[in-house]
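Chain and residue survey
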Amino acid sequence: MLNFGRKITAGKKTASGIPKSYLEKMSKELAVKNEIAADLYTKYNVKRGLRNANGTGVIVGLTKISEVVGYRIDEEKNKIPLEGKLYYRGYDIEDLVANCLDEKRFGFEEVTYLLLFGQLPSKKELSEFTSLLSEKRDLPQGFARDMILNTPSRSIMNKLARSVLALYCYDENPDDTSVMNVLRQSIDLMGYFPTLISYAYQAKASFFDKASLHLHNPLPELSTAENILRMIRPMGEYTELEAKILDLSLMLHAEHGGGNNSSFTTHLVSSSGTDTYAAISAAIGSLKGPRHGGANIAVINMIDDLKKHVKDITNKKDVDAYLLRVLHGQANDGSGLIYGMGHAIYTLSDPRAVLLKKMAKELATNKGILDEFELFEHIEATAPKLFAEVTGNEKAISANVDLYSGFVYNALDIPLDIATPLFATARLSGWSAHRMEELIAGKRLMRPAYVNVEGHKSYIPILERKDAKEVKKEARKEIRKEAKEGKEKAREEKIREEMARDKERKENAAKNEEQSKKSEHEKKENLLAKKLRSRFLR
């Protein structure tokens, strides 16, 4: 375990001291007080999740940085599925990738230049830019020891965000938001990120997992992908194919439109005029969320669960049976989702998945794991059919980039802890471009509106207020009072009913007696009349 002669100040769990009973009670109160009826969103035409009714995103801005195409809208405003396309600054990602592969060179640095400056670099411009990044591979003096190794975190993303915020203190001009200064800060961060995530991982593995600490200095002559593989592996070894496929993954994750959650966060926070370190750490916080940046981890976990329950992964019937259980919420995490399938924008295909799949197969062949690659291929082919069978919904569903990036990370023996930080390292290029676009073209504080749906109330002086226990006590007292009053009313009603019935009985008896007397009298009169008629008739 690491020890640099200083007290390690992180890693120990500290109880907050807040009673669990209090938190449970108040959590229930919060759930009640913050619940908003779903029909109110419709009533006020609120676009929940900034999504239109047909699933498309609400337009909140304009961008020149990238374009994501997965469908078109017809005259009736219906979504018509299309083969997916991704453009960086107007250039098709397929062309960018194909060119780098044909020329047998790394492409992430070129893509980063393109996203930042809006144009493809010449060989000289790319060399100059790559040199600037290389100069920033080493962290500021003392930073690795003080901010990472002596303060490890269980979460690499948490440590990455904290490290970015800490770098503010090492910047002589941190708050200047001029384009020139923000560009300088962006290049600095792009240079630092591979080392930040690698050292954060090594510190976590050493302190929490009791693994040996392996620290390798970054080498300026290596690409971003090569340096990452070198620094996260114990012996620093890697093959050219491994580095090339990681480079491809970084290229494909570098940018994905201004509407994705972390890029939108970058625009939103940057519009306030805050510093670069605050804006980028906010984007990291967004990407850390499982709904955004954790999808490739979900794929890896799903495949691990599949292998536990399917003895032979080449048996397609058994695999399909497992996937059906997943869709029914009876397997994996119970979510009912086959991870790595479907996308908010892409319909017929995700171009990133298409490109990564080709290299993934080459990697699988090289490592002798074609059976596993074919498992992923089978999931891609059969999941849409099974989804339609279970849900009755035949909408277009295709594999997304997370399906094959999950396979690639497994094949490269990349630790699960570092999967999302790798995503952040790639996406920093897009975040930086979006931050500068917001500062140059946005120039307005983002200030959307919320409709208040809480009624107005009269203020209650503190001495007249009652806590929840008092309210419940009074409520129970009122219930008992109402119950008692109810019983008394019931008794009174019963007495009234009995008196009414008794009166009715007496009245009926009197009527019956009178009727009886009347009948007797009539009998006597009839008998007398009969005698008189008999006497006179003689």
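Each chain carries its own residue numbering, running from 1 in the direction its sequence is written. Reporting of local features is limited, given that this is a predicted model, to residues whose pLDDT is at least 70; pairs of side-chain atoms are given and counted only at 80 or more, and all residues count toward the totals for whole chains, interfaces and linings. Only hydrogens and water are set aside when side-chain values are computed; all heavy atoms of the structure are taken into account.

1. Quick look at the pairing of strand 2 (residues 79–88)
In plain terms, the rule: Strands pair, by our definition, only if DSSP identifies at least two bridges between them. Under the scheme used here, helices are H or I runs from DSSP no shorter than 4 residues and strands are E runs no shorter than 2 residues, and both carry numbers assigned from the N terminus.
Pairing analysis gives 7 bridges linking strand 1 (residues 66–73) to strand 2, with the strands arranged antiparallel. Bridging from a neighbouring strand, Glu 67 pairs with Tyr 87 of strand 2. From the end of strand 1 to the start of strand 2, which pair antiparallel, there are 5 residues, and Lys 77 there has a positive phi angle of about 65 degrees. From the end of strand 2 to the start of strand 3 (residues 91–92), which pair antiparallel, there are 2 residues, and Arg 89 there has a positive phi angle of about 50 degrees.

2. Description of the sheet that holds strand 2
Taken in spatial order, the 3 strands line up as 1-2-3 in an open sheet, and their pairing is antiparallel. Each of the sheet's edge strands pairs with one partner strand only, and the pair in question is strand 1 and strand 3. Pairing of strand 2 with strand 3 involves 2 bridges; the strand directions are antiparallel. Bridge pairing in strand 3 links Tyr 87 to Asp 92.

3. What about helix 7 (residues 156–167)?
Spelled out, the test is: Here the expected span of a helix is defined as 1.5 Å times the quantity of residues minus one. Only protein chains enter the calculation, and the probe is 1.4 Å; a residue is then buried if its accessible area is under 20% of its type maximum, exposed if over 50%, and partly exposed in between. What makes two residues a contact is simply this: any of their non-hydrogen atoms within 4.5 Å. Polar contacts, as used here, are pairs of N or O atoms within 3.5 Å; protein pairs need one atom able to donate a hydrogen and one able to accept it. Residues neighboring in sequence count only if both atoms are side-chain atoms.
Its 12 residues give helix 7 an end-to-end C-alpha distance of 16 Å, which sits within 8% of 16 Å, the value for a rise of 1.5 Å per residue. Burial within helix 7 is extensive, with 9 of its 12 residues counted as buried. Every buried residue belonging to helix 7 is among Ile 156, Met 157, Lys 159, Leu 160, Ala 161, Ser 163, Val 164, Ala 166 and Leu 167, and all of these are buried. Looking at the packing, one finds that the buried side of helix 7 touches helix 6 (143–149), helix 8 (179–207), helix 12 (276–288) and helix 18 (419–442). The N-cap residue of helix 7 is Ser 155: its side-chain oxygen and the backbone nitrogen of Met 157 are 3.4 Å apart.

4. A look at the packing of helix 3 (residues 93–102) against helix 10 (residues 240–253)
So the rule is basically this: The axes used here are C-alpha line fits, helices contributing only the stretch in contact, and every angle between their N-to-C directions lies in the interval 0 to 180 degrees. Orientation labels follow simple angle bins: below 35 degrees gives roughly parallel, above 145 gives roughly antiparallel, 65 to 115 gives roughly perpendicular, and whatever is left gives oblique. By convention the crossing between two helices is left-handed if the near helix lies anticlockwise of the far one by an angle smaller than a right angle, and right-handed if it lies clockwise.
Two elements in contact, helix 3 and helix 10, have axes separated by 11 Å at closest approach and are oriented at 160 degrees. In terms of orientation, helix 3 lies roughly antiparallel with respect to helix 10. The handedness of the crossing between helix 3 and helix 10 is right-handed. Taken together, the residues of helix 10 that come into contact with helix 3 (itself represented by Ile 93, Leu 96, Val 97 and Cys 100) are Leu 248, Met 251 and Leu 252.

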